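# Commentary on secondary and tertiary structure
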Amino acid sequence: MINAETVRAQAAGVSTPPVLELHDVKKSFGGTRALNGVSLSIQPGEVHGLIGENGAGKSTLIKVLCGIVRPDEGAINLAGRPYMPTTPREAKVNGLQVVHQEFNLLPYLSVAENIFIEHLPRNALGIVKRQEMHAGARAALDAIGLSDIDVHWPVERLGIAHRQLVEVARALMTESRILILDEPTATLTARETERLFAIINDLRSRGVSIIFVSHHLDEVFRICDRVTVLRNGETVFSRSIAATSQDELVRAMVGRKLQQQMASEIVSLARPEEALSLVNFRHLQSPHAHGISLRLHRGEILGIAGLVGSGRTELLRAIAAAELPLSGELRLEGAPISFRSPREAINAGIGFVTEDRKEEGLILNMPIAANVTLASLADVSRAGILDAKAEIAVTQRLGAELKLKYGGPGKNAATLSGGNQQKVVLAKWLARNPKVLLLDEPTRGVDVGAKAEIYALIRQFAERGLALLIVSSELPELMTLSDRILVMSQHRVVGELSRPEFSEERILQYAYQGEQQQGRH
Amino acid sequence: MQALEKTQVTETDDTRRLAGWSPKVLLRDAGIGLALLLLIVFFSVSTEHFLTPNNISNILTQITINLILAVGMTFVILIGGIDLSVGSMLAFCAVVGGTVLTIPDLSVFQAVALATLAAIGTGVVCGFLNGWISAFWGLPSFIVTLGMLNIARGAALQVTDARTIYSFPPSFNAFGSQMIFGVPVVFLIALVLVAIAWFVLSKTVFGRLLYGIGNNEEAVRLAGHSLMFYKVAAFTIAGALVGIAAMVYMARLNIASPIIGIGFELNAIAAVIIGGTSLNGGRGTVIGTLLGACITGVLANGLILFGLSDFMRQMITGVVIILAVIIDKYRERLTGV
Amino acid sequence: MKFSRFASIVALTVATALPTIAVAADKPVVGLVMKSLANDFFKNMLEGAEAHAKKRGDYELKAIGMQNETDFESQLNGVENFITQGVDAIVIAPADSRAMVAPLKKAMDAGIVVVNFDVSLDEQAKKDAGIDLAFVGPDNRGGAKMVGDALAKDLGAGAKVVILEGNPGADNAAQRKLGFEDAIAAGKLDLLDSRTAHWETEEANAVFSTMLTAHPDIQGVLAANDSMAIGVVKALDAAGRNDIKVVGFDNVPAVAPMLKDGKLLATVDQFGSQMAANAIDKALEVVAGGPKLEGWVKTDIELVTKDNVK
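Residues numbered from 1 in each chain as written. Chains lettered and ligands numbered in written order. Predicted model: local features only at pLDDT ≥ 70, side-chain atom pairs only at ≥ 80, totals over all residues. Heavy atoms only, no water.

Residues and elements named next belong to chain A. Pairing is mixed in the open sheet, where 6 strands are placed in the order β16-β19-β20-β13-β21-β22. Each of the sheet's edge strands pairs with one partner strand only, and the pair in question is β16 (350-353) and β22 (492-498). Averaged over all adjacent pairs, the angle separating strand axes in this sheet is 20°, with direction ignored. Relative to strand β19 (residues 436-440), β16 runs parallel, the two sharing 4 bridges. The residue of β19 that forms the bridge with F352 is L438. Along the sheet face, helix α10 (residues 312-319) touches β13 (301-306), β16, β19, β20 (467-471) and β21 (484-489) and points at about 150° away from the line of β19. Here helix α15 (residues 418-430) sits on the sheet in contact with β16 and β19, set at roughly 170° to β16. (Pairing = 2+ DSSP bridges. Helix = DSSP H or I, 4+ residues; strand = E, 2+ residues; numbered from the N terminus. Axes fitted to C-alpha atoms, helices over the stretch in contact; angles between N-to-C directions. Contact = heavy atoms within 4.5 Å.)

Next up, the structure:
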């Protein structure tokens, strides 16, 4: 069935001009290249897969297409005419609709109101014609097979999957030529995914082109006619789905060149003593009864890889008691322990460098010294009264140790560059002499030079016997730093690699296999 | 080794910044001080009686209660909260204190001591409830203290059966209008409270974390501090200060009525905002609050001496509040965040 | 004791808020619409009315109050509820002299006897609505004139005085100010300044202190209520001035000691506790078939000084 469709679409692709064409589109944010030459061509009535690692440029590309971001260079043609939308509205008028990853529905309004929000049917007085609206919404939902949803319901009554489908219905309200689905199955169950695929097939037969962004390679193979791989903001290739394989796609996403970066001469500093171990440890959102089990030794750097949404961050947050875990056991130096608040975890010797430095790690508008001592105020105060000189001394000592470049301990943290801000966060935890340090994306938003410095610091910490658990989306980073890597998928550990086994392909294969096993039985 | 040598520090600039006195803050406080000075100069020139010792001590007396309430409000606003209940709490604390004060057969000292305890205790309980309810259930303090506004007012009416309490001990009453070198004693009490609040906010772990919470609650929580404790403490301190203000009210006016203090919370908030404290929390000083209270007091007094009508006076006070916030916005934009 | 007092008010309020079935016809039902019961003055008045109902025993009293002085809404709802319940008479102290005209017209159209007390409804508004409604109440202007005259007599012609006004926009505040001005004109006093202190002690204290700074030669103060007079007296204490005479209005218990030791020259008692009861008597006369009330039925007012204070 799908094969027949594929053949048809391909056949059509040869004879008809593309509905959407991108030539060498480039976009930079500040110093970072988000898009570095993306070319793409979409045929009418085809389902086109768009895949790539985190940070490969998929989101930016979507933003360019729907008018949120203006590209710096390159040309886009829509149905043969130059197309450069400046507002999302303009994109919609041109028949380009996006169903975003994060929902854009208004939870307290009815399904019908949400579907019609952009063009409510109104009479001459500007009063909404409710009957017309409800009938229209009903038709829209029926058209995509959602007859079981009452259009009068407020959206908040719907489950996540239904909300996603209502978004699809809304996107289809306007005559669309191109529908972009950004990670549409991330929150869907197998049955709901089937339903979505049925809708996609139906749309395809009506001549609508669909750009299908997904991490799930098996879905790409099931539903797409062609696929384009992005890496580091560039198009690696576009190919008919019949002419490629999962392995080829993974290799294309990763890129060959990175493999040389592996520094195999680094020796593990892991000591025999166990620092932290987890047994069937579950965080609040974990769907698996067995949770996660792992063991971390003193002086060891354990990397955790996985796709976004695989539960890596949630795991770290649960260990640090930022959110309380659901069940399972946590052992610190062999002794079972449970924390009821971050305070207890910190007192037991756990430090947690969060993923979002600005929101959770630093107080930007307060002095650097105040940030450094934030977790160890008892050490720089007597009877609750702060000793500013002691604070400055600690800051200067750690600042020197971490090679912090700063104007002075009294300057606000906001005055620092990303890398130096991250060093302040590290200093905050070092000031407490923790036993275990959890790092979530330790070099996010950090420039290349500072990155290398932070890697060296992390190795130093391990040398001192600190146990480190590192989550990162950058596989080269994990492979450079880690003694071992655990691969997580769907909130479980699906693979473990020791240093000699490290390769991006193997990590990604584990990650994607985990998705498949998990996904649809 | 190098690092160790460097630890011998005397850098006063950094210590000052850590105590919350960055050049930016100094600039802001200086700006507010300048505004106050300009107002004083203006009224001194344009009216005959403004700059007389009597009028100055009048102004100081008149701002005392608002200043004490505003100091408490500063703690609450610094953590990003708001307390709308202080006016009602003032009435509640006053009638509880006033009831104790008029218990027969107590010596003046006993009566005043017990009444002070009762008034402050009442404020502490109300403030604690404000903080605890909003922190425990994660409710906006705007809503919780709006509830307390009604509860405290109702409680004040209930315990007094809506009657005014009067006839306090004469020496207590005399204390309310006592002067030292022309400065009202009650104002000196308020100044001492300002000094204590300044010390707590700029020199203690407690104060540091209040600023921290106002700036980035989650960072403070993840650094191992109990948000609950600090939030409850801020509201409780505000409540205790309401209790003190209630005693000052009774000493000055010799009555305690359940309908006093209506709208006082807005005056206190105005003083805090004019003093440069951000309603979003995390930014501001109690010195600013002192200056803000002085500005509102000088305006209220000076505009009467200037001969402006009541209605114009009210309008100008409103304009000043909005101006203060606008100027603060510009200052922030010009000097950077 | 206090609690039962409170409970009875609550019970009354609740009872009237519910649309009850018309009460057995033998006793006439009087609906009493009060202002804020958080105010001593109206509280006393309500208690007076309740005592009166008990004493007479030949009518049933239903009373409602409001949250605060500007809460017109609950008065409006109260009147509507009384109409629904089919009471025989509505006796009302209107929160606003214009806003209450329309609902009262509705009550009169429904055949209910309406008596207006405390604050008179606006003449023009009554005329516009086409209703003729008598007012039973004290003469605020006359009372203010009375106490102002007492001050003028004490000070003599040419004395310099200031006025502290009530809430701008409030009817009784305006009437009292007019009365003060009448007295000032009659006694040839010199009015230096007139400002509002919103009926409040603390504000009166602050505002008057400042007026005193501007005009150190003030000889007399006319305060539109006693709460403000208390604030003025405290300001004089603080300034050490015992040469300035103060008069107030309302005769609240807290001013008795001040009258006795001369800190307050005089105040006016309008016998608030009996005002509602008087109005109810008048209403019942009409219900019983008596002649329709007309114009202004003035109630007693009395000047209270050191000599007659209790």
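A few words on helix α6 (residues 140-155) of chain C. Residues and elements named next belong to chain C. Its 16 residues place the ends of α6 22 Å apart at the C-alpha level, agreeing with the 22 Å of an ideal helix rising 1.5 Å per residue. Those residues of α6 not exposed but buried are N140, G143, A144, V147, G148, A150, L151 and A152. Looking at the buried positions of α6, the neighbouring elements they touch are β6 (160-165), α7 (171-186), β8 (220-223), β9 (245-247), β10 (266-269) and β12 (302-305). Of the residues flanking the start of α6, the one acting as N-cap is D139, its side-chain oxygen 3.2 Å from the backbone nitrogen of R141. Following α6 by one or two positions, G156 has its phi on the positive side, about 90°. (Expected span 1.5 Å × (residues − 1). Buried < 20%, exposed > 50% of the residue type's maximum accessible area, 1.4 Å probe, protein only. Polar contact = N/O pair within 3.5 Å; in protein donor to acceptor, adjacent residues only side chain to side chain.)

Time to look at the pairing of β21(A). Residues and elements named next belong to chain A. Across the 6 residues that make up β21, a large majority, 6, are buried. Alternating residues of β21 divide into R484, L486 and M488 and I485, V487 and S489, and every residue in both groups is buried. Pairing between β13 and β21: 5 bridges, direction parallel. Across the sheet, residue G303 finds its bridge partner in β21, namely I485. Alignment of β21 against β22, held across 6 bridges, turns out to be antiparallel. Along β22, the bridge assignment pairs S489 with R492. Two successive antiparallel strands, β21 and β22, enclose a turn made up of 2 residues, where Q490 displays a positive phi of approximately 50°.

In this section: the sheet that holds strand β14 (residues 327-332) of chain A. Residue and element names in this part refer to chain A. On the basis of which strands lie adjacent, the open sheet formed by 4 strands has the order β12-β11-β14-β15 and antiparallel pairing. At either margin of the open sheet sits one strand with a lone partner, and together these are β12 (292-297) and β15 (335-337). When the angles between neighbouring strand axes are averaged without regard to direction, this sheet yields 20°. In the packing of α10 onto the sheet, contacts are made with β11 (274-282), β12 and β14, and the angle to β11 comes to roughly 115°.

Contact residues are listed per partner, giving 32 residues for chain C and 36 residues for chain B. A combined buried area of about 2,800 Å² lies between chain C and chain B, and 53% of that area is made up of carbon and sulfur atoms. Among the residues of chain C in contact with chain B, R195(C), E202(C) and T213(C) are the three that bury the most area, contributing 22% of the side total. Summed over the shared surface of chain C and chain B, the result is 4 salt bridges. R252(B) is the salt-bridge partner of E202(C), the closest N and O atoms lying 3.2 Å from each other. Remark: the boundary between chain C and chain B carries 18 residue pairs in polar contact (both at pLDDT 80 or more). Elements that contribute at least two residues to the side of chain C that touches chain B include exactly α1 (2-17), α2 (40-56), β7 (190-196), α8 (201-214) and α9 (226-239) of chain C. Top element by residues in the side of chain C that touches chain B is α8(C). It accounts for 9 residues. Per-class residue counts for the side of chain C that touches chain B are 14 nonpolar, 9 polar and 9 charged. (Buried area = accessible area lost by both parts, 1.4 Å probe. Salt bridge = Lys/Arg side-chain N within 4 Å of Asp/Glu carboxyl O. Nonpolar A, V, L, I, M, F, W, Y, C, P; charged D, E, K, R; others polar.)

A residue-level look at chain C finds 90% of positions with pLDDT of 70 or above and a mean pLDDT of 86. Scored below 50 in pLDDT, residues 1-24 of chain C makes 34 contacts in the model with residues more than four places away or belonging to other chains. (pLDDT = per-residue confidence, 0-100.)

Turning our attention to the packing of aromatic side chains. Scanning the model with the defined rule gives 11 aromatic pairs over all chains in all. Of the aromatic side chains, those joined through ring pairs into one cluster are F42(B), F43(B), F50(B) and F306(B). Sitting over the face of the ring of F237(A), R239(A) holds its NZ or CZ atom 3.9 Å from the ring centroid. Over the aromatic face of F249(C) sits the side chain of R176(C), whose NZ or CZ is 3.8 Å from the ring centroid. (Phe/Tyr/Trp six-rings, centres within 6.5 Å; stacked < 30°, edge-to-face > 60°. Lys NZ or Arg CZ within 6 Å of the ring centre and 35° of its normal.)

On to the arrangement of the chains, then. Of all 2 pairs of chains in contact, the one with the most contacts involves chains A and B. What separates chain A from chain C at the closest point of their C-alpha atoms is a distance of 30 Å, and the two make no contact.

Taken as a whole and assessed by the stated rule, the structure comprises 58 salt bridges over all chains. The partner of E344(A) in a salt bridge is R340(A), with the nearest N and O atoms 2.8 Å apart. Under the relative-accessibility criterion, E344(A) is labelled partly exposed at 25%. R340(A) sits in the exposed class, given a relative accessible area of 65%. Of the charged contacts in the structure, one is a salt bridge between E441(A) and R444(A), with a shortest N-O distance of 3.7 Å. A relative accessible area of 5% places E441(A) in the buried class. R444(A) gets classed as partly exposed once you look at its relative accessible area, which sits at 40%. Overlapping salt bridges bring together R317(A), E323(A), E360(A), E218(B) and R221(B) as one network.

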